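Structural characterization, general
Below, each chain spelled out in residue letters.
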Amino acid sequence: MNIATNNIKLIQTCSIWRALDIVGDIPTLLILESYWLGVRRFDEFCRQTKLLKPVVSDRLKKLIDNGCFEKVVYQEKPKRFEYRGTEKFIDFFPMALAMLYWERQWSQKPGKLQIILTHKSCGQQTEPFPACKSCKETITPLDVSWKTGPGVGVMEAKYSPRRRQNNKTDSQTNLHDEIIQIIGDRWAMLILRSIFTGINQFQEILKVTAIASNILSNRLSELIDEGILVTKEVPNDSRRIEYKLTKKGMSIYPIILSLLHWGDKWLPSPKGAPLLLTHKLCGNPLQLQMICSECEKEVTPDETSYSIVISHSRK
């Protein structure tokens with residue numbers, strides 16, 4: 001949906017977009033990753049993320065303002081603070097696991113941090129995977145049908161004036177270094193949201209996203225270079241092409257689902273859910289769970305312990 005009103009472009013908004021408005025940039029995602037690794041204090045966030053102090057300060061303030069973090073005194077003299085995640089923040093745990101699931105499939109760089117998870121409920125080392133809550137089958141976008149719900153709406157197409165950040169480094173020490181580059185790019189995510197809903201030609205994507213044509217062309221090229229998209233000729237019209245998701249691209253779907261469910265819960269539309277999803281394999285409304293590869297029970301933060309190793313493998 002793209003509507004021009006007095007030269008103001010409106011695009012469809014949904015729970016995914018509202019969630020990305022809080023966590024959808026690279027510095028914030030790096031801070032969230034650091035928190036899951038046990039970081040709680042400002043200087044530790046700076047060291048772990050390698051971000052500048054003003055950037056860390058800004059993102060921590062935004063997380064506090066949005067009810068995801070609390071600033072808590074842990075020492076009175078001198079007064080020192082740490083940051084603690086609220087229930088609203090803890091509900092991002094499925095997204096973190098979905099990102100880890102993607103990285104384990106598609107990014108095995110030498111020297112990269114690897115996390116070994118143990119599910120306390122069964123006592124086994126686990127590799128959580130995205131599954132339907134009802135039938136426990138692995139979720140893929142091909143097995144999901146969707147329709148717009150009563151909460152679908154429009155918003156003004158506002159994009160950040162800040163220059164795009166490039167935090168790619170040679171250190172390869174992050175858990176989610178590659179997927180963070182994708183999820184942390186709002187333009188790329190808006191494109192993927194469109195393609196996941198069947199909008200896959202340049203002019204159609206341009207219309208529904210209101211992204212400048214040169215930026216759209218650039219991002220599509222980058223997503224192709226990264227192996228997320230491929231191009232195919234439109235049947236019966238060789239002059240036109242469609243953008244299709246690769247297996248690597250389809251593996252991003254659980255991350256998008258986790259953002260959708262988080263947004264539905266914490267930033268709901270008063271009219272109801274903007275998107276209604278059905279899992280075609282069981283016929284039930286789709287609810288994502290990240291479940292244990294060993295016991296097939298949901299993996300939650302309080303039932304998980306971890307250790308970290310350095311990977312020496314090459315893909």
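Given the structure is predicted, the values throughout are model-derived calculations rather than measurements.

Turning our eyes to something else, we now look at the packing of helix α8 (residues 186-196) against helix α9 (residues 202-209). In helix packing, the relevant descriptors are the interaxial angle and the interaxial distance, both defined with respect to the helix axes. Running from N to C, α8 and α9 point in directions that differ by 115°, and their axes come no closer than 10 Å. Taken as a pair, α8 and α9 cross one another with a handedness that is right-handed. Contacts from Leu190, Ile191, Ser194 and Ile195 of α8 reach α9 at Ile205, Val208 and Thr209. Tallied by class, the residues present in the contact of α8 with α9 amount to five nonpolar, two polar and no charged.

Summarising the model, the chain shows a mean pLDDT of 88, and 87% of its residues fall at 70 or more. Ignoring residues within four places in sequence, the model shows residues 1-5, a span with pLDDT below 50, making 16 contacts including any to other chains. In the model, residues 166-173 has pLDDT below 50 throughout and makes 18 contacts with residues more than four positions away in sequence or in other chains.

Note the cis peptide between Lys77 and Pro78, where omega equals -10°. As for its placement among the helices and strands, Pro78 is situated in the loop between β3 (69-75) and β4 (80-85). Located in the positive-phi region is Lys136, a residue other than glycine, with phi close to 65°. By the secondary structure assignment, Lys136 is in the loop between β7 (129-132) and β8 (144-148).

Here the focus is the side chain of Thr86. Its location among the elements puts Thr86 in the loop between β4 and α5 (87-90). For Thr86, a relative accessible area of 16% corresponds to the buried category.

Attention now moves to the pattern of salt bridges. Going through the model one piece at a time under the given rule, you end up with ten salt bridges. Note that Asp21 is salt-bridged to Arg186, the shortest N-O span being 3.7 Å. Highlighted residues: Asp21 in helix α1 (residues 15-23) and Arg186 in helix α8, separated in sequence by 165 residues. A salt bridge links Asp58 to Arg59; the shortest N-O distance between them is 2.8 Å. Using a relative accessible area of 40% as the deciding quantity, one classes Asp58 as partly exposed. Arg59 sits in the buried class, given a relative accessible area of 4%. One salt-bridge network, held together by shared partners, links Asp25, Asp58 and Arg59.

Here we come to empty space enclosed by the protein. Taken as a whole, this structure holds two cavities of 30 Å³ or more when the rule is applied. Taken as a whole, the largest cavity encloses approximately 50 Å³ of empty space. As for the largest cavity, its lining consists of Leu29, Leu32, Glu33, Trp36, Met95, Ala96, Met99, His176 and Ile180. At the level of secondary structure, the elements contributing two or more residues to the lining of the largest cavity comprise α2 (26-36) and α6 (93-106). Sort the elements by how many residues they give to the lining of the largest cavity and α2 lands first, with four residues.

Thresholds applied
Residues numbered from 1 in each chain as written. Predicted model: local features only at pLDDT ≥ 70, side-chain atom pairs only at ≥ 80, totals over all residues. Heavy atoms only, no water. Axes fitted to C-alpha atoms, helices over the stretch in contact; angles between N-to-C directions. Helix = DSSP H or I, 4+ residues; strand = E, 2+ residues; numbered from the N terminus. Left-handed = near helix turned anticlockwise from the far one by under 90°. Contact = heavy atoms within 4.5 Å. Nonpolar A, V, L, I, M, F, W, Y, C, P; charged D, E, K, R; others polar. pLDDT = per-residue confidence, 0-100. Buried < 20%, exposed > 50% of the residue type's maximum accessible area, 1.4 Å probe, protein only. Salt bridge = Lys/Arg side-chain N within 4 Å of Asp/Glu carboxyl O. 1 Å grid on protein atoms, 1.4 Å probe; cavity = no way out; pocket = protein on both sides within 12 Å on 5 of 7 lines; lining within 4 Å. Points joined across faces, edges and corners; volume = space filled by probe spheres on them.

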